[in-house]
Amino acid sequence: MPEKNTPPMVLVDGSSYLYRAYHVPALQNLSTAAGQPTGAIYGVINMLKKLLNDERPSHVAVIFDAKGETFRHRLYKPYKANRPPMPEALQAQLEPLYNIIRALGLMLISAPGVEADDVIGTLATQAVGAGYRVLVSTGDKDMAQLVNSHVRLVNTMTNTSLDVAAVIKKFGVRPAQIVDYLALMGDHSDNIPGIPGVGPKTAAKWLHQYASLDRLIKNANLIKGKVGESLRQHLEQLPLARKLATIQCDVELSQTPDDLKIQAADGPQLKRLYSGLELTSWLPTLAVDTAAPERRHYEVILTHRDFRRWLARLRQAELVAFDTETDSLDYMRANVVGLAFAVAPGEAAYLPFTHHYAGAPEQLNREQILAELEPIINASRAKIVGHNLKYDRSVLLNHGVRLDGIRHDTMLQSYVCNSVASRHDLDSLCEKHLDRVNIHFEDVAGKGSRQIPFDQVKLQQAVDYAAEDADMTLRLHQIFWSELQRQSGVRQKQLYQTIELPMLKVLSNVERHGVLVDAGQLAKQSQQLSEGIAGLEQRAFELAGEQFNLGSPKQIREILFARQNLPVTRKTPRGQPSTAEDVLQELAATYPLPRLLLEHRTLSKLKSTYTDKLPALINATTGRIHTSYHQAVASTGRLSCSDPNLQNIPIRTSAGRRIRQAFVASAGYQILAADYSQIELRIMAHLSQDQRLRAAFAQGEDVHRATAAEILGVAIDQVTSAQRRAAKAINFGLIYGMSAFGLARQLGITRSAAQQYTDRYFQRYPGVKQYMDSTRERARARGYVETLFGRRLYLPDINNNNARQRQYAERTAINAPMQGTAADIIKRAMIDIDDWLQQQPAAGKMIMQVHDELVFEVRHHHIGRVQREVVRRMMAAAELSVPLVVDAKAGANWDEAH
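Residues numbered from 1 in each chain as written. Predicted model: local features only at pLDDT ≥ 70, side-chain atom pairs only at ≥ 80, totals over all residues. Heavy atoms only, no water.

Visitor: Please clarify how the packing of helix 33 (residues 803-838) against helix 34 (residues 863-875) should be interpreted in this entry.
Guide: The description of two helices packed together rests on the angle between their axes and the distance between the axes. One can describe the packing of helix 33 onto helix 34 by two numbers: an axis separation of 9 Å at closest approach and a directional angle of 145°. The way helix 33 lies across helix 34 gives a crossing that is right-handed. On helix 34, the residues touching Ala829, Asp832, Ile833 and Trp836 of helix 33 are Arg865, Val866, Glu869, Val870, Arg873 and Met874. Partitioned by chemical class, the residues of the contact of helix 33 with helix 34 number six nonpolar, no polar and four charged. (Axes fitted to C-alpha atoms, helices over the stretch in contact; angles between N-to-C directions. Helix = DSSP H or I, 4+ residues; strand = E, 2+ residues; numbered from the N terminus. Left-handed = near helix turned anticlockwise from the far one by under 90°. Contact = heavy atoms within 4.5 Å. Nonpolar A, V, L, I, M, F, W, Y, C, P; charged D, E, K, R; others polar.)

Printed below as a string of structure tokens:
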């Protein structure tokens, strides 16, 4: 028999863990930057780690329900019929969770045809027979039937344990009576029929009196009252209920208890999994090689003598890791508080200028030191390496100092090496590639309302923080530069050196020049939007028959689905009718109230995001708005921007166009907008080499009209507007991986009709179909796709067993080369145009990049020349087998120029 002092065998009810973790509110919004949900993974693994730490077992199995029906469904068709399907957000976490459990060295079991309970019951019975003590970790009350002197339950969520005495105390019956107890009560969640009117107290009372269900059935005529009548009316279903509630302890399994011995964890695999899921807080728990102690020597530079010594080192160094510490994140307002340098791994210094606190030492003069450093940081023979140096460049320009001697940027190196592997901030990269947790800003400056500006941080803390950043940047550069030298010949390295690195300076120039907006015009638009919003609210109240909050999903759900009985097309993870935008769009095609709600959302968003917010973002010194462009966010290479996001201002609505009218030029200037025409379709024609598609572009035809003519078999001049719209939806839908179902929804036609459109398209454009098929195959074989210029997009889910994740990766494989190539082309154009404009600064400035469009502020008498040069350079940014076409126009404001 099992000995009490031996470690228990632990059997974990993985399915119970999974759902309990998924429904923890604090975990429900956890996800990666790419949108992969991770909350359930985080919760399950944390519970597992705590359990293993508390119990120190030598044998462990984590058991999950298998897909498909079990023998209980065959016994009783309605079994678990009340349960909704597993939420997609939870389904997406299964495979990564399973991989982590296996990498931890734990046995994972999922047996078809039975439930996790039955596997646990079988293993527990076998383990006790083999001499093990057994601990079952679950939150499922049904498992109490397994408890005996050698088997106990533990609930990690409530930190409670059930042995025989605890089962009796909790349920009022012995473990051997739990099945009868459950059969009497039934189980609504599993849809097991019980005796109506019988609850826990009645069931326990009867079993205490009659000892078993069989004896109770024989004496059913003795039970008085309505509950006795109910018992007698439903006696025939008790044997079935008992069978459904009984855990099977004789399931045929390929594993034995001895097979459950914990194996050594796979450290490298765990590191890859944790990093890919951005669960970076777990990385420090992995074993790292600590045989050689790290050499670190960080200095503070407070005297001219120390500065001269470091200045000599900076001049002699091949590379200098460089970082600014500032008093603001706003690059237009920030002042330099101090500088950090590193010239070799572990050798770094911090040079403070303006730290102010009681007892702070005297510091060197900022302007004098910056003037002496400028020949190094602005040298033609570039030697500066940093992380997100666009910010440092802008801040130094606030002091009249140019940082143009940039040799490398580790944020951009990481992004080019793998745009989807992780976030590209310094701390995340250090955790992933250096196995270390950096000192965080909050560690030295505090959090929330108690956070102090960096110029009030004490010097010793500031030195450790700032010098470490420079040191780690240099170490990361060594890793990434080596990786870029290895990857795919010269393509990745060339992409980094000829596109991403030069773009840093271009974007800095665009950001600092800024955009002029008419605050008065925006204020009038805000008032007009308020009136429009109020009118929509009143009309919505009339349609609803009552007043409600149009911004409340709960109240919208009540009005649409409970009061007006509109069809529920999708539910939330919690089983509530969804009020998401795409759901309302579908309903809006038939019902007026959802249409009004969408209009209300659109106007409210325009008001809060733009007409109200933009005036508040005007810089007091320049009188302009200065957005922030981000190179290392979108996985395909596209730029994004924030504070404000200028790329989301709608162009197809009158309200959106009015907002663009507020983007104006200063006196003596005009706005020039230049936009690539259908660039992604042209790239598709080039990549696929489809003859008909190439011919349409070569002949300058309206490609959507030409597509309609091809797939409908009509003359091009007979194509109607509706037919052209359908062809446009197909053209763009296919390159974004849209299915026939999605196309049917967009066009408002049947799925079969949409499938016919798609089939005809591929018949007429076979090169496109061949390209898409071959791209998917290459992606499956290599794990990534590439743009025309060598930018890689890795697809970790391209061979995933999860169909939903795999199909998403396949759609990405088709679209990413086109979207990424378009991003590369406009970046190449921006670099060329910026270089040309810098040679004639009086002509104008580039002020915005919005998707496939560049916007300039140009002097009146230079408009013609600048427009011709911009168009020429944009068209020359790539050599495709179809012409690149650029539409350009000038006007007094952005809308007029479009």
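After that view, the rundown keeps rolling.
Visitor: Explain the sheet that holds strand 21 (residues 853-859) to me, please; I cannot follow it from the model alone.
Guide: Remark on secondary structure: sheet strands pair via backbone hydrogen bonds, oriented parallel or antiparallel. Taken in spatial order, the four strands make up an open sheet running 20-21-17-22, and their pairing is antiparallel. Only two strands of the sheet have a single partner each, and these edge strands are strand 20 (844-850) and strand 22 (886-891). Geometrically, the sheet is characterised by an average inter-axis angle of 20° between neighbouring strands, direction not taken into account. For strand 20 and strand 21, the ladder comprises six bridges, and the chain directions are antiparallel. Bridging from a neighbouring strand, Met846 pairs with Phe856 of strand 21. (Pairing = 2+ DSSP bridges.)

Visitor: Explanation requested: the sheet that holds strand 1 (residues 9-13) in the structure shown.
Guide: Here six strands make up an open sheet; going across it, the order is 3-2-1-4-5-6 and the pairing mixed. The open sheet is flanked by strand 3 (107-109) and strand 6 (160-162), the only strands paired with a single partner. Geometrically, the sheet is characterised by an average inter-axis angle of 25° between neighbouring strands, direction not taken into account. Two elements, strand 5 (residues 151-155) and strand 6, share three bridges in a ladder whose sense is antiparallel. Its bridge partner being in strand 6, Asn155 is matched across the sheet by Thr160.

Visitor: What is the right way to look at the nonpolar core in this model?
Guide: Across soluble globular proteins, you tend to see nonpolar side chains buried next to one another. Ranked by size, the top nonpolar core spans 179 residues in total, and within it Phe341, Phe663, Tyr676 and Met848 carry the most contacts. Setting aside its immediate chain neighbours within four residues, Met848 contacts Val510, Val515, Tyr629, Leu646, Phe663, Glu853, Leu854, Val855 and Trp894. Membership of the second largest hydrophobic core comes to 58 residues, among which are Phe71, Ile178, Tyr181 and Ala204. (Core = buried A, V, L, I, M, F, W, Y, C linked by side-chain atoms within 4.5 Å. Buried < 20%, exposed > 50% of the residue type's maximum accessible area, 1.4 Å probe, protein only.)

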